[in-house]
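# Structural features, examined
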Amino acid sequence: MSGFEAQIQQATRQVRQRLDAFEQQRTVLAETVGEGTSEDGLITARVGAGGAVQDLEINPRAMRLDSHTLRDAILAAIRAATANWTEAVQEATARPPVDPEQLLRDFGVSPELKATMAQFSQRAADIEQNLAALRRNLAG
């Protein structure tokens with residue numbers, strides 16, 4: 001195998017590793033669940049992707065509360081679960097971005113590989129934009 005072929009294989013491995021890391025990050029985000037409990041401990045909520053409530057546990061003692069207090073406890077549990085989910089998502093997306101330009105600098109590459117890397121760079125930028133939008137929505 002020539003030196004150039006070895007460089008191409010190494011660059012390809014690095015690109016695959018980074019794409020795999022993005023896929024793992026996407027999977028983690030899809031599976032992340034936040035959990036929160038009301039101050040009185042009677043209501044527990046679980047929130048998933050997009051802030052969707054996935055589960056709500058209501059202790060039977062909560063049924064003795066008046067409707068406004070019960071509503072407030074449910075909302076408090078959902079807010080706590082959403083905050084927990086937001087924190088987990090921010091942690092999961094805090095990884096440094098992929099630097100495809102560094103890959104190009106590391107390997108003197110052919111025009112064909114440069115074109116492939118440009119496509120990869122665009123995809124990585126799109127993913128970064130989506131993550132930035134998600135962070136803004138979470139902070140919003």
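For the structure given in this document, a descriptive report is provided here. (Residues numbered from 1 in each chain as written. Predicted model: local features only at pLDDT ≥ 70, side-chain atom pairs only at ≥ 80, totals over all residues. Heavy atoms only, no water.)

## Topic: the pairing of strand β1 (residues 34–37)
Alternating positions in β1 separate cleanly, Gly-34 and Gly-36 being buried on one face and Glu-35 and Thr-37 remaining unburied on the opposite face. Bridging between β1 and strand β2 (residues 43–47) involves four bridges; their strand directions are antiparallel. Across the sheet, the residue bridging to Gly-36 is Ala-45, located in β2. Taking the residues between adjacent antiparallel strands as the criterion, β1 and β2 are bridged by five residues, where Gly-41 takes a positive phi near 75°. (Buried < 20%, exposed > 50% of the residue type's maximum accessible area, 1.4 Å probe, protein only. Helix = DSSP H or I, 4+ residues; strand = E, 2+ residues; numbered from the N terminus. Pairing = 2+ DSSP bridges.)

## Re the side chain of Ser-38
On the secondary structure map, Ser-38 appears in the loop between β1 and β2. Looking at Ser-38, the relative accessible area reads 5%, which means it is buried. Discounting chain neighbours no more than four positions away, the residues touching Ser-38 are Ile-43, Ala-73 and Ala-77. (Contact = heavy atoms within 4.5 Å.)

Geometric values such as these leave the question of function open.
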